[in-house]
Amino acid sequence: MDHTDHAGHGGGAHPHGGIHPGGHDHTGTGSGGHDGSQGGPHGHGHGDASWRTAAQATLHCLTGCAIGEVLGMVIGTAAGLHAGATVALSVALAFAFGYALTMRGMLRAGLSLRQALKVALAADTVSIVVMEIIDNTVMVAVPGAMDAGLTTVLFWASLAFSLALAFVVTVPVNRWMIARGRGHAVAHAHHH
């Protein structure tokens, strides 16, 4: 993203240094952004760009979580497992797939397996924890959702609603973390 045309919007680099580990500038130097965002098309650091960055990070995390969550719910429900066992399986798989997706990107960026795991743990742990708390709380709270069969609308509607709610709740968490160079900012630094 070329930020040179934004120079008149904010007066240079962030006073606290907008460069995160790995040399990637998350502030959009010259855009006036100072919340860890990339500035955005209008050069406003607190505008849509910071929320968009957080939403993209959350969507990335949600993809891995959703794969694990759905697989865990399907396996647990099909096997007739108790609700607690199904939730535990779903959470374990959500973490596994969430970390795996981030690690895949880090390995492509040239990191070792150990380095990729460290980045994934730093980037995704809080995000996955928040998503899993929301997601599984909803699934357990919706009457009959955990006991509904895989062919019922109740099961899939409850699961879809729980994932959507988890996304909405997690976006501001990720925005807060990215603004401080944490969470997905750690992974972003290795993509450039």
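Caption draft 1: Structural view of a nonpolar patch on the surface. Together, Phe-161, Leu-165 and Val-169 give the surface a local cluster of nonpolar side chains, amounting to about 240 Å² of exposed area. With respect to the helices, strands and loops of the structure, Leu-165 is situated in helix α4 (residues 153–179). Note on Leu-165: relative accessible area 31%, which makes it partly exposed.

Caption draft 2: Fine view of the state of the cysteines. For the structure shown, the criterion picks out zero disulfides. Of all cysteine sulfurs in the structure, the one in Cys-65 sits closest to Cys-61, which takes part in no disulfide; the separation is 4.3 Å. The exposure class assigned to Cys-61 is buried, which follows from its relative accessible area of 1%. For Cys-65, a relative accessible area of 1% translates into the label buried.

Caption draft 3: View of the environment of Met-139. Turning to its location among the elements, Met-139 is positioned in helix α3 (residues 113–141). Apart from the residues lying within four places of it in its own chain, the contact partners of Met-139 are Met-73, Ala-145, Met-146, Phe-155, Ser-158, Leu-159 and Ser-162.

Caption draft 4: Local environment of helix α2 (residues 83–108). Along its 26 residues, α2 runs 38 Å from first to last C-alpha, staying within 8% of the 38 Å computed at 1.5 Å per residue. Taken together, the buried positions of α2 are occupied by Thr-86, Val-87, Ser-90, Leu-93, Ala-94, Gly-98, Tyr-99, Leu-101, Thr-102, Met-103, Gly-105 and Met-106.

Caption draft 5: Region of interest: the packing of aromatic side chains. Counted by the stated rule, this structure contains two aromatic pairs. When the ring of Phe-95 is compared with that of Tyr-99, the centres are 5.8 Å apart and the planes differ by 50°; the resulting orientation is tilted. Here the residue Phe-95 and the residue Tyr-99 both occupy positions in helix α2, the gap between them amounting to four residues, near one helical turn. Judged by relative accessible area, which is 14%, Tyr-99 ranks as buried.

Caption draft 6: Broad picture of the nonpolar core. With 26 residues, the main nonpolar core has Cys-65, Met-73, Met-131, Met-139, Phe-155 and Leu-159 as its most contacted residues. For this core, the secondary-structure elements that each account for two or more residues are α1 (48–78), α2, α3 and α4. The biggest single contributor to this core is α3, with eight residues.

Caption draft 7: Just the packing of α3 against α4, in detail. Following both chains from N to C, one finds α3 and α4 inclined at 150°, their axes separated by 8 Å at the closest point. Here α4 runs roughly antiparallel to α3, going by the angle between their axes. Relative to α4, the crossing made by α3 is right-handed. Here the residues of the contact of α3 with α4 are counted per class, giving 15 nonpolar, five polar and one charged.

The rules behind the values
Residues numbered from 1 in each chain as written. Predicted model: local features only at pLDDT ≥ 70, side-chain atom pairs only at ≥ 80, totals over all residues. Heavy atoms only, no water. Patch = residues over 30% accessible without salt bridge, like charges linked within 9 Å, V, L, I, M, F, W, Y side chains within 5 Å. Areas by Shrake-Rupley, 256 points an atom, 1.4 Å probe, with all protein chains shown as cover. Salt bridge = Lys/Arg side-chain N within 4 Å of Asp/Glu carboxyl O. Helix = DSSP H or I, 4+ residues; strand = E, 2+ residues; numbered from the N terminus. Buried < 20%, exposed > 50% of the residue type's maximum accessible area, 1.4 Å probe, protein only. Disulfide = S-S within 2.5 Å. Contact = heavy atoms within 4.5 Å. Expected span 1.5 Å × (residues − 1). Phe/Tyr/Trp six-rings, centres within 6.5 Å; stacked < 30°, edge-to-face > 60°. Core = buried A, V, L, I, M, F, W, Y, C linked by side-chain atoms within 4.5 Å. Axes fitted to C-alpha atoms, helices over the stretch in contact; angles between N-to-C directions. Parallel < 35°, antiparallel > 145°, perpendicular 65-115°, else oblique. Left-handed = near helix turned anticlockwise from the far one by under 90°. Nonpolar A, V, L, I, M, F, W, Y, C, P; charged D, E, K, R; others polar.

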